[in-house]
Amino acid sequence: MVAIAGAPASGKSTLAENLREALVAAGETAIVVPMDGFHYDDAILNARGQRPRKGAPFTFDAPGFEVLLKRIRAGEKDIAIQVLDRTMELASAGADIVDDAAKFILIAGNYLLFKQAPWGRLRPLFDYAIYLKVPLEELERRLIKRWLDLGFDMTYATNWIASNDILNIKQVINESGSADLTI
């Protein structure tokens, strides 16, 4: 089980997918397990008054994600996982399966190395941890591109980044524990 952690837009999903493809091409079995599927739905966040902070540590079902990782670690068969559809901002339950035959489980997420509870309980579940360290200016550039590519205008993108994404980036940078490899 390999954690791939870093700030929003640091390239976690891209690295995880590229590693999966390389491992499969080399004859290995690998799957990507994204943490983003554990975002609380916008309806829940709106009811709690937390929608403006979507993506912050408290807007995820961290205990549920921990249970999933423990099930994977235990080698259970055919574990259904939820996957976030960013175009709709909705997680689809049972959108993928973690097969117990998969040798490499590549787990991508912002808070995988976060020290605060309950996230801090995840680190012992990983055999190896990678942290992607990307300059703030590059993260901002990538986030603008992400929001524009999703159909939002520049005003929305810059306002959301300033009021939300930057806060999440700073938390990841300042409150993540050590990794085996920092890129």
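As a starting point, this report considers the structure included with it. Just so you know, these numbers come straight off a predicted model, no measurement behind them.

**Describing the pattern of salt bridges**
Right, on to step 1. Summed over all chains, the structure comprises 13 salt bridges.
Right, on to step 2. With a shortest N-O distance of 3.6 Å, Asp100 and Lys77 are connected by a salt bridge. Within this pair, whereas Asp100 is found in the loop between strand S4 (90-98) and strand S5 (104-109), its partner Lys77 is found in the loop between helix H3 (62-73) and strand S3 (79-85), the two being separated by 23 residues in sequence.
Right, on to step 3. Where Glu138 meets Arg142, a salt bridge forms, and the shortest distance between an N and an O atom there is 2.9 Å. Here Glu138 and its partner Arg142 are both found in helix H4 (residues 136-149), four residues apart, which amounts to about one turn of the helix.
Right, on to step 4. On the basis of relative accessibility, which here comes to 22%, the residue Glu138 falls in the partly exposed class.
Right, on to step 5. Judged by relative accessible area, Arg142 falls into the partly exposed class, the value being 30%.
Right, on to step 6. One salt-bridge network, in which partners are shared between bridges, spans Asp42, Arg51 and Lys54.

**So, the sheet that holds S5**
Right, on to step 1. One open sheet accounts for five strands, arranged S2-S5-S1-S6-S7; its pairing is parallel. For this open sheet the edge positions go to strand S2 (30-34) and strand S7 (181-182), each flanked by a neighbour on one side alone.
Right, on to step 2. In terms of strand pairing, S2 meets S5 through five bridges, oriented parallel. Bridging across to S5, Val33 finds its partner in Ile107.
Right, on to step 3. Contacts from helix H1 (residues 12-25) reach strand S1 (2-6), S2, S5 and strand S6 (128-132), with the element oriented near 170° to S5.

**A few points about the packing of aromatic side chains**
Right, on to step 1. With the rule as written, the count across this model stands at ten aromatic pairs.
Right, on to step 2. Residues Tyr156 and Trp160 carry aromatic rings whose centres are separated by 6.1 Å and whose planes lie at 5° to one another, so their mutual orientation is stacked. Pair noted here: Tyr156 and Trp160 are both in helix H5 (residues 154-175), with a separation of four residues, about one helical turn.
Right, on to step 3. Classification of Tyr156 by relative accessible area gives partly exposed; the value is 27%.
Right, on to step 4. By the ring-pair criterion, three or more aromatic residues cluster together here, those being Phe60, Tyr111, Phe114 and Trp119.
Right, on to step 5. One cation-aromatic arrangement involves Arg48 over Tyr40; the distance from NZ or CZ to the ring centre is 4.9 Å.

**Regarding H1**
Three or four residues apart is the spacing at which side chains of an α-helix point the same way, because the helix has 3.6 residues per turn.
Right, on to step 1. An ideal rise of 1.5 Å per residue puts 20 Å on 14 residues; H1 measures up with 20 Å between its terminal C-alpha atoms.
Right, on to step 2. Those residues of H1 that sit buried are Lys12, Ala16 and Leu23. Viewed along the axis of H1, the buried residues span an arc of 35°, placing them on a single side of the element. Exposed residues on H1 whose side chains face more than 90 degrees from its buried face are Thr14 and Ala25.
Right, on to step 3. Check the buried side of H1 and you find it contacts S1, S2, S5 and S6.
Right, on to step 4. Positive phi appears at Gly27, one or two residues downstream of H1, with a value of about 90°.

Rules of the game
- Residues numbered from 1 in each chain as written.
- Predicted model: local features only at pLDDT ≥ 70, side-chain atom pairs only at ≥ 80, totals over all residues.
- Heavy atoms only, no water.
- Salt bridge = Lys/Arg side-chain N within 4 Å of Asp/Glu carboxyl O.
- Helix = DSSP H or I, 4+ residues; strand = E, 2+ residues; numbered from the N terminus.
- Buried < 20%, exposed > 50% of the residue type's maximum accessible area, 1.4 Å probe, protein only.
- Pairing = 2+ DSSP bridges.
- Contact = heavy atoms within 4.5 Å.
- Axes fitted to C-alpha atoms, helices over the stretch in contact; angles between N-to-C directions.
- Phe/Tyr/Trp six-rings, centres within 6.5 Å; stacked < 30°, edge-to-face > 60°.
- Lys NZ or Arg CZ within 6 Å of the ring centre and 35° of its normal.
- Expected span 1.5 Å × (residues − 1).
- Arc of directions from axis to C-beta.

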